[in-house]
Amino acid sequence: MPDQQPTVARTLLKKGQPETDTWALSRDSEALPEQRPAIVPLALWLDAKEDSGLAPWLPSDTALDSELAKELASAPRIAIDFPAFTDGRGYTLARMLRERFGYQGEIRAIGDVLVDQLYYMSRCGFDALALRDDQLLEDAQRALGAFSVSYQPGVDTKEALFERRLREGNHS
Amino acid sequence: MYRYDNYDQTLVDERVTQFRDQMTRYLDGRLGEEEFRPLRLQNGLYIQKYAPMLRIAIPYGMLSSDQLRRLASIARRYDRGYGHFSTRQNLQLNWPAIETVPDILGELAEVQMHAIQTSGNCIRNTTSDQFAGIAADEVEDPRPWCELIRQWSTLHPEFAFLPRKFKIAVTGASSDRAAIQVHDIGLRLWRDDEGEVRVRVLAGGGLGRTPMIGDVVRDDLPWKHLLTYLEACVRVYNQFGRRDNKFKARIKILVKALGIEEFRRRVDAEWEHLKDGPQTLTPAAVEAAKTHFPEPERRPVSDEAIAAYEQQRQEDRALARFVTNNVTDHKVAGYKAVTLSLKRRELAPGDVTSDQMEAVADLAERFSFGEVRVTHEQNLVLSDVPVDQMVALWQALDELGMANPTVGTLNDIICCPGGDFCGLANAVSIPIAQALQERFEDLDFLYDLGPLDLNISGCMNACGHHHVGHIGILGVDKKGEEYYQVSLGGNSTDDASLGKILGPSFYREDVPDVIDKVLKVYVESRHADERFLDTYRRIGIKPFKERVYA
């Protein structure tokens, strides 16, 4: 979606609840938009990060090392782009931001964000989901709660199920 | 075998609900074809050439008799009364109606089964040694480790959209029966001088369009780090595997492009952060997994009974043939593992009717503690048969048509569903298998040939593992016509190797003659007791080529 005009997402799920989104999204890689606040390409943000009305979005092939993470620590929020819903690199990026680099601010999924990815995204540390325009809110909220149990630890739970079972004692 | 607790059951039940919702949204148009695709694939549902196909997971090939009965009833009710056991130890239904799949998954969940991640670009069903837990050459039972891997990989939030599919195989024996060298990740469990389990981790093996043997990433991983290390491997693959070309997207291409040293460096760098994290295994966690795989309560078999069995075997030539080919030694004296041959001319390799599934379930209860295993050679195994029951079992199997004494011979063909069913296939494969089984059915001839793996794939995706057959046959499409390419010298066990293409491909009707010529060269050239594979390795491909293309 090489939309050159900054757009405000119509639907944003923030920690599972619908929220009016005030942040514009710009995919223009050449120049900063006029609007504030705005989410802009990482490269532009790095040169303008003192502007508190700007936040970066990361392409899915971003090489997230500790140097970049240090820069990102001051970002008011970080968006991660899903150029196609089949591109799973953003899940790893979000987990690394949360679990390795301890980023506490909003991590937002943008781009090809579909209802049936949301559960995985929330487990990987995304707390804001900018759904693709055609996605239905009620489907999204239902999909977020699809599972009440998971085997692996994630950003949502620090305990693997095999440990939880031991802690709770045998049950069947 | 592994039994679900409330957590496992809740998860598969919620999975059924989730898929029912996804199916509803697909059928009413809220979910597009492309968007539904990965969702249905990760629930085992393919849209095939003539009909949908549903691939049901059989974790590391282990089935209980009640599960097998349920598969039989599902095949009867929702399909045409049969199923197909695949080379990945799964069961495939060839004719279910799409809209019934949520109901099928619901029925599976009732017997602790599912179709989660049997397809799609995610971590697939973990496969293992069909003789796990009973093999005399085993140093560690792989099943508890497979179960830990199954749980770790099931609905893993980070790895549902990998560049391509990802297959893990595990062995804990000194002979590899799980083909670990041709998997995305192969794991070999071994014991160090202190008796502690360690894991050799191979990466980058695989078949398909670009077959490769895996490289060792780490030789001596302490067991407690198994899951964190796997997570590091898959994370590196998720980040750096190619996504621009689906034919170059498997981990083997990444490992080859980076070189094993650089791949290892990246995995280790990633692992630094994951090591000792919350997925680190503890003795208690492994012990808990092991309690699901207890030794069955085998009654002792007396020395007299063992002697009587040996006596019968010597007196009855037909029994002797069956025992030599289809019966495998067991770690416990007086017990054997029996392979049920699913290679018979009336049915495609790996196919079983619902009636037969029910009969096998009965036999499993009568003779082998109610458990059945599926092999990657597309046969079934009863793993714990007391020898004083052998004759009774053999007779029952004969009535079922599953006593063909040809396991491990040329007749024991591995074969994908091919162009008769599969949407990917370039050519049919089952009729080739049947033509070969018909041509080479003389038992004495088969035994004289000795151990011989003949594997057939209907396209280069290689579901029939043709690259690692001693003789491999690949269906190819040339301008809409079906041709067959023959390769020699492949092998999937410890000294794994990839077959070499003999030369230009053949018409379908010529394949049996070509194989006949290949076999004649072997018979004429072999040293006493030399296997086909060893003769081939000694004399090379040239004499075969000269004969076939003369």
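In this text, all values refer to a predicted model and were calculated from it rather than measured experimentally. (Residues numbered from 1 in each chain as written. Chains lettered and ligands numbered in written order. Predicted model: local features only at pLDDT ≥ 70, side-chain atom pairs only at ≥ 80, totals over all residues.)

**Q** Looking at this structure, how should I read the overall build of chain A?
**A** The number of helices and strands found in chain A is 6 helices and 9 strands. Radius of gyration (C-alpha) of chain A: 17 Å, near the 16 Å computed for a compact globule of 172 residues. In terms of principal-axis extent, the alpha carbons of chain A reach across some 60 × 35 × 25 Å. By the burial criterion, 38% of the 172 residues in chain A qualify as buried. (Helix = DSSP H or I, 4+ residues; strand = E, 2+ residues; numbered from the N terminus. Rg over C-alpha atoms; globule rule 2.2 N^0.38 Å. Buried ≥ 20, exposed ≤ 12 C-beta atoms within 10 Å, placed from the backbone.)

**Q** Explain the interface of chain B and chain A to me, please; I cannot follow it from the model alone.
**A** You'll often see interface size given as the accessible area lost when the parts meet. Facing the 35 residues of chain B at the interface are 36 residues of chain A. Ranked by residues supplied to the side of chain B that touches chain A, first place goes to helix α1 (residues 6–27) of chain B with 9 residues. Residues belonging to the side of chain B that touches chain A are distributed by class as follows: 15 nonpolar, 11 polar and 9 charged. (Contact = placed C-beta atoms within 7 Å. Nonpolar A, V, L, I, M, F, W, Y, C, P; charged D, E, K, R; others polar.)

**Q** Any chance you could explain the UniProt feature "domain: Nitrite/sulphite reductase 4Fe-4S" (unreviewed entry) in chain B here in plain terms?
**A** Residue and element names in this part refer to chain B. The sites that carry the UniProt feature "domain: Nitrite/sulphite reductase 4Fe-4S" (unreviewed entry) are, in the present numbering, residues 119–273 and 413–548. As annotated, residues 119–273 comprises 31% helix and 18% strand, and the C-alpha atoms at either end are separated by 30 Å. Structurally, residues 413–548 is divided into 35% helix and 19% strand, and its ends, taken at the C-alpha atoms, are 21 Å apart. (UniProt positions renumbered as here; feature names shortened; annotations may be inferred.)

**Q** For this particular structure, what's the right way to read the domain arrangement of chain B?
**A** Residues and elements named next belong to chain B. What the domain assignment lists for chain B is domain 1 (6–110), domain 2 (134–290), domain 3 (303–400) and domain 4 (414–548). Here the C-alpha centre of domain 2 lies 27 Å away from the C-alpha centre of domain 1. Each side of the interface is counted separately: domain 1 has 4 residues, and domain 2 has 4 residues. Here the residues of the side of domain 1 that touches domain 2 are counted per class, giving 3 nonpolar, 1 polar and no charged. (Domains from an automatic or database assignment.)

**Q** Whenever I open this one, the sheet that holds strand β15 (residues 380–386) of chain B confuses me. Can you help?
**A** Remark on secondary structure: sheet strands pair via backbone hydrogen bonds, oriented parallel or antiparallel. All names here are of chain B. Overall, antiparallel pairing links the 5 strands, which are arranged β3-β14-β15-β12-β11 in an open sheet. Single-partner strands in this sheet number two, and they are β3 (62–64) and β11 (327–329). Between one strand axis and the next, the sheet turns through 35 degrees on average, direction left out of account. Note that strand β12 (residues 335–340) and β15 share 5 bridges and pair antiparallel. Across the sheet, the residue bridging to valine 338 is leucine 382, located in β15. (Pairing = 2+ DSSP bridges. Axes fitted to C-alpha atoms, helices over the stretch in contact; angles between N-to-C directions.)

**Q** Looking at this structure, how should I read the pairing of strand β14 (residues 371–374) of chain B?
**A** Sheet faces and side chains relate simply in a regular strand, where the side chains alternate between the two faces. All names here are of chain B. Alternating positions in β14 separate into two faces, Glu371 and Arg373 on one and Val372 and Val374 on the other, with burial throughout. With 3 bridges joining them, β3 and β14 adopt antiparallel strand pairing. Its bridge partner lying in β14, leucine 63 is registered against valine 372. Note that β14 and β15 share 2 bridges and pair antiparallel. Considered in β15, the bridge of valine 374 is made with leucine 380.

**Q** How should I be thinking about the sheet that holds strand β8 (residues 185–191) of chain B in this particular structure?
**A** All names here are of chain B. Judged by pairing direction, the sheet is mixed, and its 5 strands sit side by side in the order β6-β7-β8-β9-β10 without closing on themselves. The open sheet has two edge strands with one neighbour each: β6 (127–128) and β10 (215–222). In terms of strand pairing, β8 meets strand β9 (residues 197–203) through 7 bridges, oriented antiparallel. For tryptophan 190, the partnering residue across the bridge sits in β9 and is arginine 198.

**Q** Just checking my understanding: could you explain the environment of B:Ala115 for this structure?
**A** Residues and elements named next belong to chain B. Looking at the secondary structure, you find alanine 115 in the loop between α4 (101–110) and β6. Alanine 115 sits 97 residues away from methionine 212 along the chain, and the two C-alpha atoms are 28 Å apart. When sequence neighbours within four positions are dropped, the list of residues in contact with alanine 115 reads Asn43, Gly44, Leu54, Arg55, Ile56, Ala57, Leu105 and Leu108.

**Q** So what exactly am I meant to see when it comes to the confidence of the model for chain B here?
**A** Close inspection of predicted coordinates is inappropriate for parts of the model with low pLDDT. The predicted model of chain B has a mean per-residue pLDDT of 96, with 100% of residues at 70 or higher. Reported confidence for the predicted complex is 0.94 by ipTM and 0.95 by pTM. (pLDDT = per-residue confidence, 0-100.)

**Q** Sorry if this is basic, but what is going on with the nonpolar core here?
**A** As a rule of thumb, soluble globular proteins bury nonpolar side chains together. Judged by nonpolar contacts, the single largest core of 206 residues is most densely connected at A:Leu129 and B:Cys233. With 9 residues, helix α6 (residues 226–240) of chain B is the largest single contributor of residues to this core. What B:Cys233 contacts, discounting residues up to four positions off in sequence, is B:Ile185, B:Ala203, B:Val217 and B:Val267. (Core = buried A, V, L, I, M, F, W, Y, C linked by C-beta atoms within 7 Å.)

**Q** Whenever I open this one, helix α3 (residues 65–78) of chain B confuses me. Can you help?
**A** An α-helical turn contains 3.6 residues, so any two residues separated by three or four positions project in the same direction. Compared with the 20 Å implied by 1.5 Å per residue over 14 residues, the 20 Å span of α3(B) between its first and last C-alpha is a close match. Of the surrounding elements, those touching the buried residues of α3(B) are β3, β4 (82–85), β5 (91–93), α4, α12 (354–367) and β14 of chain B. (Expected span 1.5 Å × (residues − 1).)

**Q** Would you explain the environment of A:Glu30 in this entry?
**A** Within the secondary structure, A:Glu30 sits in the loop between β4 (24–25) and β5 (38–41). Here the alpha-carbon distance between A:Glu30 and A:Glu159, two residues 129 residues apart in the chain, equals 44 Å.

**Q** Please clarify how the pairing of strand β7 (residues 168–171) of chain B should be interpreted in this entry.
**A** Residue and element names in this part refer to chain B. Covered by surrounding structure in β7 are Ile168 and Val170 together with Ala169 and Thr171, the residues of both alternating faces. Bridge analysis of β6 against β7 gives 2 bridges, and the strand direction is parallel. Across the sheet, residue threonine 127 finds its bridge partner in β7, namely alanine 169. Alignment of β7 against β8, held across 4 bridges, turns out to be parallel. Pairing of isoleucine 168 across the sheet is with isoleucine 185, part of β8.

**Q** I tried to follow the environment of A:Leu54 on my own but got confused; where do I start?
**A** Residue and element names in this part refer to chain A. Counting through the fold element by element, leucine 54 comes out in strand β6 (residues 54–58). Overall, leucine 54 belongs to the buried group, with 21 C-beta atoms counted inside 10 Å. Along the backbone, leucine 54 and isoleucine 78 are 24 residues apart, and their C-alpha atoms lie at a distance of 9.9 Å. The residues contacting leucine 54, other than those within four sequence positions of it, are Ala38, Val40, Trp45, Ala48 and Lys49.

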